[in-house]
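# Coordinates in review
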Amino acid sequence: LCELALAMLLWAAWILIGAEHLFAPSLPLTYALSIAGMLIGAAFLGRLAAELLGRGAALPAVLATGCIAFFSYRAHIYNHNTVLVPFVYASAWFFLKAARTGRLGFWAMFGVACAAGMLTKYQFVVVLGTFLLIAFSLRLYRQPPALLGACVAAVVALLLLMPHIFWLVGNDFPPFRYASHMMLTRLGPLQRLDHST
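Residues numbered from 1 in each chain as written. Predicted model: local features only at pLDDT ≥ 70, side-chain atom pairs only at ≥ 80, totals over all residues. Heavy atoms only, no water.

Broken down by element type, the protein chain carries ten helices and zero strands. Burial status across the protein chain gives 32% buried among its 197 residues. In the structure as shown, the protein chain presents an accessible area of about 11,900 Å², 74% of it carried by carbon and sulfur atoms. (Helix = DSSP H or I, 4+ residues; strand = E, 2+ residues; numbered from the N terminus. Buried < 20%, exposed > 50% of the residue type's maximum accessible area, 1.4 Å probe, protein only. Areas by Shrake-Rupley, 256 points an atom, 1.4 Å probe, with all protein chains shown as cover.)

Here it is in structure tokens:
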């Protein structure tokens, strides 16, 4: 169980290792993996924009992301950030489809995408917070099908996250201990604010 949790946490590395078994290790390979992640994210963003704004807005919405530095001059750097991109857009699209249609399959896929996002980078919790704000603003808590769907998504995500949660608890939360040791204990409040921006 511990090994599974660690493997899931490091799956950006496992993707790279798998690719290096198929192709010769090289810088272009890491560029290709990163761009592939961005393209998958762009496909979900295009679907999301088409759903919200109409088909004519899909391509401009995707192209507009090129104005954001992360999606342009840093897009070739393969790391957890570029692996996270498709899961952010996929979870947004599945959330939209689930909220609009009420279909449990979309809610389940929303749970899968959210679990994958959390296993890629804990920063995904910010995206989860956004979904909660949207759900409250749409008053989804007053709609029994949406409540059922949210429960399905939560159960699916929890099942996928369970090995990692057990690993965290069993090992005294090493990522959090590392972060607090490296960042918070050595920096004063103003320095923490400066490093977080």
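A separate point is the environment of His21. By the secondary structure assignment, His21 is in helix H2 (residues 11-22). The class for His21 is exposed, based on a relative accessible area of 69%.

Attention now moves to the pattern of salt bridges. A complete count under the given rule lists two salt bridges for this structure. The partner of Glu51 in a salt bridge is Arg100, and the shortest N-O contact between them spans 3.4 Å. Of this pair, Glu51 sits in helix H3 (residues 27-53) while Arg100 sits in helix H5 (residues 80-101); the two residues are 49 residues apart in sequence, bridging distant segments of the chain. Under the relative-accessibility criterion, Arg100 is labelled partly exposed at 48%. Counted as one network, the salt bridges with shared partners bring together Glu51, Lys97 and Arg100. (Salt bridge = Lys/Arg side-chain N within 4 Å of Asp/Glu carboxyl O.)

Between the first and last C-alpha of H3 there are 38 Å, a value that for 27 residues agrees with the 39 Å anticipated at 1.5 Å per step. The complete set of buried residues in H3 reads Leu29, Thr30, Leu33, Ser34, Gly37, Met38, Gly41, Phe44, Leu45, Gly46, Leu48 and Ala49. Its side-chain oxygen placed 3.2 Å from the backbone nitrogen of Leu29, Ser26 serves as the N-cap of H3. Gly54 lies just past H3 and shows a positive phi near 100°. (Expected span 1.5 Å × (residues − 1). Polar contact = N/O pair within 3.5 Å; in protein donor to acceptor, adjacent residues only side chain to side chain.)

With that settled, consider the nonpolar core. Among the nonpolar cores identified, the biggest contains 33 residues, and Phe94, Phe95, Trp107, Phe110 and Phe131 are the most heavily contacted of them. If you list the elements that add at least two residues to this core, you get H3, H5, helix H6 (104-120), helix H7 (125-137) and helix H8 (144-170). Not counting residues within four places of it along the chain, the set of residues in contact with Trp107 comprises Phe95, Ala98, Ala99, Gly102, Pro145, Ala146, Gly149, Ala150 and Ala153. (Core = buried A, V, L, I, M, F, W, Y, C linked by side-chain atoms within 4.5 Å. Contact = heavy atoms within 4.5 Å.)

Bringing a nonpolar patch on the surface into the picture now. A cluster of nonpolar side chains, Leu158, Ile165, Val169, Phe173 and Phe176, forms an exposed patch at the surface whose accessible area comes to about 430 Å². Sort the elements by how many residues they give to the nonpolar patch and H8 lands first, with three residues. With respect to the helices, strands and loops of the structure, Val169 is situated in helix H8. (Patch = residues over 30% accessible without salt bridge, like charges linked within 9 Å, V, L, I, M, F, W, Y side chains within 5 Å.)

Attention now moves to the environment of Trp107. Relative to the elements of secondary structure, Trp107 occurs in helix H6. We classify Trp107 as buried; its relative accessible area is 3%. Counting along the chain gives twelve residues from Trp107 to Phe95, while the straight-line C-alpha distance between them is 6.9 Å.

The subject of this paragraph is the side chain of Thr65. Relative to the helices and strands, Thr65 resides in the loop between helix H4 (58-64) and H5. We classify Thr65 as buried; its relative accessible area is 14%. When neighbours within four sequence positions are excluded, Thr65 is seen to be in contact with Leu45, Phe71 and Tyr89.

A few words on the packing of H6 against H8. In the contact formed by H6 and H8, the axes pass within 8 Å of each other and the chain directions differ by 35°. The way H6 lies across H8 gives a crossing that is right-handed. Residues Leu104, Trp107, Ala108, Phe110, Gly111, Val112, Ala115, Met118 and Leu119 of H6 touch H8, and the partners they reach there are Pro145, Ala146, Leu148, Gly149, Ala150, Val152, Ala153, Val156, Ala157, Leu160, Leu161 and His164. Among the residues making up the contact of H6 with H8, the classes are represented as 18 nonpolar, three polar and no charged. (Axes fitted to C-alpha atoms, helices over the stretch in contact; angles between N-to-C directions. Left-handed = near helix turned anticlockwise from the far one by under 90°. Nonpolar A, V, L, I, M, F, W, Y, C, P; charged D, E, K, R; others polar.)

This brings us to H5. The end-to-end C-alpha separation of H5 is 32 Å, in line with the 32 Å expected for 22 residues at 1.5 Å each. In this structure Asn79 caps H5, since a side-chain oxygen of it lies 2.9 Å from the backbone nitrogen of Asn81. Following H5 by one or two positions, Gly102 adopts a phi angle in the positive range, close to 75°.

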